[in-house]
Amino acid sequence: MSIHNNGTFTFLATTDISARTKGRAISTKDFEKGASVGWVPANLGIGPLGHIVDGIPYDATGDIRLVADADATYEIAGIPEIPTFSLSFANLINTDGTPWESCARNFLKEAVDELRDRHGLVMTAAFEHEFTERHAKEATHPFSFASFVDGEPVGSALFNVLENAGVNPECWLPEYAPYQYELTVKPTDPVTAADRAILVRDIVRTVFKAYDREVTFSPVPVASEGGSGVHVHYGLYGTDGEVVAFDPDGPGRMSRIASQFNAGLVKYAAPMTCLFAPLTVSYERLKPHNWSVAQAFCGEQNREALVRICPTNEADGRTPDKQFHFEFRGGDIGANPWILMGMIIRAGMAGIEENLDPVPVVTGDDYSELESQDNENLPASLKEALDRFETNEVVRSWFSDAWVETFLKVKRDEIQHLKDKSIVEQCEVYANVY
Ligand code: GLU
Ligand code: MG
């Protein structure tokens, strides 16, 4: 996609280890292919609470650059009181132009390339975001027309801004929990899908704010109420778009390669949990009966599965094979979308390369027989999740040593800062950040 930049500024954007969008703006008239600005390696060590954590491998020395991906440029227009501007997603490079070892966008790009080169697979992806309005006078009623109308004129403004930016929004609805909404976008390639996820969350917050309304994407905005997830839909195809994941005779209608891919996700779920659920309160969401993820399993018609085999629409003679795809339901807003998407691909590739048995498919809502199987239990706290990640050589090996050390230190610092706060207070802290 190529969209011409307009407005005074073009913001060169990255998203950090805590999924906060960061960067620097340059004059649009200076923007050209390969435009770049300086960046500081130690920025990787800034956690969600806003300070550089002690003891990380990056310090006051060193320089890297944010280099714009001109093909990932979006014009943001139509937000009340905010002048039109452009935003260009940027990769982090060393000053000699090589990718920086801890660049999250490059982590995803490499995973996409390896999936194609080693396995002849091309992925499509789309992120689904849930979020809740704060300080609203009236709770929404799930899925109701009345709450859809109450969401106006913000809903229309939001959809228009995203549509005009080329983000391809798909569906907008009042979700199940009080004050909760959901916005989905159409599928595309994984890097664009993750870029769009970053735009969606920042544009949603900004458009609501323009109408004096405030939202949070926190996985548990209020301790006693329903959570918000970031679900990732993904499909697997051949390099010419041919069907490779669908087999009407396979378990859950999955082909062997698709079931091995998903077996990798289930196998590595526990050590990956801190990557997709990286906040202390994330673990209040990942519980049974929340329609989030109760355990790591692949399920058909089950919204508590980590990997859900999505239904197909076969009305009026539509065929299921191309539509057939999956949903990774574990993620939340604390996860960097490039890392979340890349992690899904890495784990899936591990499933194929380790020649894993097809993933068991749970049908309906009974997953009790899985309870005794150790590797299907997810960690119950961020602390436990970090330990599982730290001790798993396979999952660690996907990242640079410096990224691993920085991530662990940032997250352990976060636990330390929040340890004397109640769950209610922790929810409040994150609702203010996300
Ligand atoms: N809110 C649920 C979650 O935390 C998801 C509900 C749904 O869309 O199925 O992931
Ligand atoms: Mg939902």
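Here, the structure is the one placed above.
This structure is a prediction, so every number in the text was calculated from the model and none was measured.

S.K.: What's the story with the sheet that holds strand β4 (residues 64-76) in this structure? I'm lost.
M.R.: Whether parallel or antiparallel, the strands of a sheet pair through hydrogen bonds between backbone atoms. Taken in spatial order, the 5 strands of this open sheet run β2-β1-β5-β4-β3, and their pairing is mixed. Single-partner strands in this sheet number two, and they are β2 (21-27) and β3 (36-39). Each strand of the sheet is rotated relative to its neighbour by a mean of 35 degrees, with strand direction disregarded. With 7 bridges joining them, strand β1 (residues 9-15) and β2 adopt antiparallel strand pairing. Looking at the pairing, Phe-9 lines up with Ser-27 of β2. Of the strands in this sheet, β4 and β5 (85-94) touch helix α1 (residues 104-119), which is tilted by about 80 degrees from β5. The strands that helix α4 (residues 190-210) touches are β1, β2, β4 and β5; relative to β4, the one it contacts most, it runs at about 75 degrees.

S.K.: Explain the coordination of the magnesium ion (ligand 2) here, please?
M.R.: Under perfect tetrahedral coordination by four donors, a metal shows angles of 109.5 degrees; under perfect octahedral coordination by six donors, it shows angles of 90 or 180 degrees. All of the protein donors around the magnesium ion (ligand 2) are Glu-130 (OE), Glu-175 (OE) and Glu-182 (OE); their distances to the metal are 2.0 to 2.1 Å. The motif formed by the donor residues of the magnesium ion (ligand 2), counted along the single chain, is E-x44-E-x6-E. Accessibility classification places Glu-175 together with Glu-182 in one group, the buried group.

S.K.: Before we go on, may I ask you to explain the packing of α1 against α4 in this structure?
M.R.: To describe two helices that pack against each other, one gives the angle between their axes and the distance between the axes. Interhelical geometry of α1 versus α4 gives an angle of 150 degrees and a closest axis separation of 9 Å. If you check the angle between α1 and α4, you find them roughly antiparallel. Contacts from Arg-105, Leu-108, Lys-109 and Val-112 of α1 reach α4 at Pro-190, Val-191, Ala-194 and Asp-195. For the contact of α1 with α4, the residue count by class is 5 nonpolar, no polar and 3 charged.

S.K.: Explain the pairing of β4 to me, please; I cannot follow it from the model alone.
M.R.: In regular strands, side chains alternate between the two faces of the sheet. Most of β4 is tucked away: 10 of the 13 residues are buried. Direction of pairing for β4 relative to β5: antiparallel, over a ladder of 9 bridges. Directly across from Leu-66, in β5, lies its bridge partner Leu-92.

S.K.: Sorry, what's going on with helix α5 (residues 256-267) here?
M.R.: In an α-helix there are 3.6 residues to a turn, and that puts residues three or four apart on one side. The terminal C-alpha atoms of α5, which comprises 12 residues, lie 16 Å apart, in line with the 16 Å expected from a rise of 1.5 Å per residue. α5 sits mainly inside the fold: 9 of its 12 residues count as buried. Among the residues of α5, Ala-258, Ser-259, Gln-260, Phe-261, Asn-262, Ala-263, Gly-264, Leu-265 and Val-266 are the ones counted as buried.

S.K.: Looking at this model, I keep getting lost on the pairing of strand β7 (residues 169-174). Mind explaining?
M.R.: Sheet analysis places β7 next to strand β8 (residues 180-185), joined by 5 bridges and oriented antiparallel. The residue bridging Trp-172 from the neighbouring strand is Leu-183, located in β8.

S.K.: Is there a simple way to explain the environment of Trp-291 in this structure?
M.R.: Its place among the elements puts Trp-291 in the loop between α7 (282-285) and β11 (298-300). Between the alpha carbons of Trp-291 and Arg-134 there is a distance of 22 Å; along the sequence they are 157 residues apart. Each residue touching Trp-291, except ones within four places of it in the same chain, is listed here: Arg-303, Glu-304 and Arg-329.

Calculation rules
Per chain, the residues get numbers from 1 upward, laid out in the order the sequence is written. Lettering of chains starts at A and numbering of ligands starts at 1, both following the order in which they are written. Where totals are concerned, whole chains, interfaces and linings use all residues; where local detail is concerned, this predicted model gives features only for residues with pLDDT of at least 70, and gives and counts side-chain atom pairs only at 80 or more. Note: side-chain values were computed over all heavy atoms of the structure, leaving out hydrogens and water. Any two strands with at least two DSSP-identified bridges between them are counted as paired. Segments assigned H or I by DSSP are reported as helices when at least four residues long, segments assigned E as strands when at least two residues long, and all are numbered from the N terminus. Fitting a line to C-alpha atoms yields each axis, with helices limited to the stretch in contact; the angle taken between N-to-C directions then spans 0 to 180 degrees. Every residue pair with non-hydrogen atoms within 4.5 Å of one another is taken to be in contact. With water omitted from the atoms examined, metal sites may look incomplete; donors here are N, O and S atoms no farther than 2.8 Å from the metal, or 3.2 Å in the case of Na, K and Ca. Between buried and exposed lies partly exposed: a residue is buried under 20% and exposed over 50% of the maximum accessible area for its type, with that area taken using a 1.4 Å probe on protein chains only. Working definition: roughly parallel below 35 degrees, roughly antiparallel above 145 degrees, roughly perpendicular at 65 to 115 degrees, and oblique for all remaining angles. Side-chain classes are defined by residue name, with Ala, Val, Leu, Ile, Met, Phe, Trp, Tyr, Cys and Pro counting as nonpolar, Asp, Glu, Lys and Arg as charged, and the others, Gly among them, as polar. Given the number of residues in a helix, its expected span is that number minus one, multiplied by 1.5 Å.

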